[in-house]
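# Tertiary structure, described
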Amino acid sequence: MMNYFLTKLPKAELHLHIEGTLEPELMFLLAQRNHITLKYDSVEALREAYNFQNLQDFLDLYYEGAAVLIHEKDFYDLTMAYLKRVHQDGTIHVEIFFDPQTHTHRGVSMETIVRGIHRALEDGKRWLGVTYVLIPSFLRHLSEEDALKTWEELKPFLPFFGAIGLDSSEKGNPPSKFKNVFQEVRNAGLRVVAHAGEEGPAEYIWDAMNTLKIDRIDHGNRSLEDLELMAAIHKADLAMTLCPLSNLSLKVVADLVDHPLQELMDRGVRVTINSDDPAYFGGYLAQNYISLQQSLQLTKEQMIQLARNSFDASFITETHRIELH
Ligand code: HPA
Ligand code: ZN
């Protein structure tokens, strides 16, 4: 009963990397279409490699997999497959990250990437009624100079974007490394989000708030280690995009029963449930709701509150939000 309810419950996805929705079947199909040889000889062999000890283990495979995306149609097909999939289980609004540098560094043009993803999002809105916000993210393991160059390449497409994000290997790459580029992003009137406190320390969340002036925290698990930070998050009224099955897969939590969502919610933080990279972590948005509800024994009212939080913390416009409520 509860699972059916959670599947049908209207939800917004606020933390989703489109490259992380590349299912092994589609990876093989695109590899064949683009004459690329994969390291794995079957879908099963690839799935077996999805056994991560930490964030970097996953990122290595994730960047490798993204190499099958070459043409505009590949980006379109990837995005459309995701929209069709989540449309079946109550996801009615999506805020999608993509990593431009993962593709431009392989010689794919920004125009190919953006047009492919954007065209699918527009068709998804028209055909499936799923609304969207698109969020390019800088790779933090690369230099700020590279992010600044990428920012220049993004500029012709700014009307397509609702925010700019920061992701990839967190440890050793604090938000302040990208102070100047995010200052430019802010000056252009775009919102800012950043992954912080997933594997990295609570300090990086302070840094993302104070230096980058983020509008929302991606992950944020480790904020509980610092009570002053908790108070500051509360005061700034910042929402957090938590990703339970991702945390389990990447061993950010040992077990879902240890997931910090409940404590964060009890402390009044505006938390949301999200799927991060569902093709790699074993569950789309509804499954994240279901697994967490079961592990933490959350009530129906709490689950409804979490779904409501997802719309309240979204970057959709006021008029649109009223339509959805
Ligand atoms: N963390 C950092 N970078 C990422 C992630 C994540 O969970 N998923 C895709 N890129
Ligand atoms: Zn993420």
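A quick note: this is a predicted structure, and the numbers were derived from the prediction, not measured. (Residues numbered from 1 in each chain as written. Chains lettered and ligands numbered in written order. Predicted model: local features only at pLDDT ≥ 70, side-chain atom pairs only at ≥ 80, totals over all residues.)

## As for the sheet that holds strand β1 (residues 11–17)
- Read from one edge to the other, the open sheet built from eight strands follows the order β1-β2-β3-β4-β5-β6-β7-β8, with strand pairing classed as parallel. Whereas interior strands pair on both sides, the edge strands pair on one side only; in this sheet they are β1 and β8 (270–273). Neighbouring strand axes in the sheet, compared pairwise and without regard to direction, differ in orientation by 25° on average.
- Relative to strand β4 (residues 163–167), strand β3 (residues 131–139) is paired through three bridges, and the arrangement is parallel. Bridge pairing links S137 to G165 in β4.
- Helix α7 (residues 110–128) rests against β2 (91–98) and β3 of the sheet, and its axis sits at about 160° to β3. (Pairing = 2+ DSSP bridges. Helix = DSSP H or I, 4+ residues; strand = E, 2+ residues; numbered from the N terminus. Axes fitted to C-alpha atoms, helices over the stretch in contact; angles between N-to-C directions. Contact = placed C-beta atoms within 7 Å.)

## Let's talk about unusual backbone geometry
- Unlike most non-glycine residues, D237 shows phi in positive territory, near 55°.
- The residue D237 is located in the loop between α11 (227–236) and β7 (239–242) in this model.
- For D237, a count of 9 C-beta atoms within 10 Å corresponds to the exposed category.
- Positive phi, close to 55°, is recorded for Q297, a residue that is not glycine.
- Among the structural elements, Q297 can be located in the loop between α15 (285–296) and α16 (300–312). (Buried ≥ 20, exposed ≤ 12 C-beta atoms within 10 Å, placed from the backbone.)

## Describing the nonpolar core
- Counting residues in each nonpolar core, the largest one holds 89 residues, and the members touching the most others are I96, I117, I135 and V192.
- Other than its neighbours up to four places away in sequence, I117 contacts I18, F75, T79, F98 and L134. (Core = buried A, V, L, I, M, F, W, Y, C linked by C-beta atoms within 7 Å.)

## Here's the deal with the site of ligand 1
- Neighbouring residues of ligand 1: H17, G20, L55, D167, S168, H195, E198, S246, D276 and D277.
- Of the residues that constitute the shell around ligand 1, the class distribution is one nonpolar, five polar and four charged. (Near = placed C-beta within 6 Å. Nonpolar A, V, L, I, M, F, W, Y, C, P; charged D, E, K, R; others polar.)

## Here we look at the pairing of β2
- Counting buried residues in β2 gives seven out of eight residues, a clear majority hidden from the surface.
- Of the pairings in the sheet, the one linking β1 to β2 comprises five bridges and is parallel in character. Looking at β2, one finds that K11 is bridged to T91.
- Note: β2 against β3, six bridges, orientation parallel. From the neighbouring strand, F97 faces β3, where its bridge partner is I135.

## Remarks on the environment of L212
- Checked against the element boundaries, L212 lands in helix α10 (residues 202–212).
- Note: C-alpha distance between L212 and R85 (127 residues apart in sequence) is 34 Å.
- Residues within four places of L212 in sequence aside, it is in contact with P175, F178, F182, V192 and A194.

## Quick notes on helix α4 (residues 55–65)
- When α4 is considered as a whole, its buried residues turn out to be L55, F58, Y62 and G65. One side of α4 holds all its buried residues, which, seen down the axis, span an arc of 95°.
- Residues of α4 that are buried sit in contact with α2 (24–33) and α14 (278–281). (Arc of directions from axis to C-beta.)

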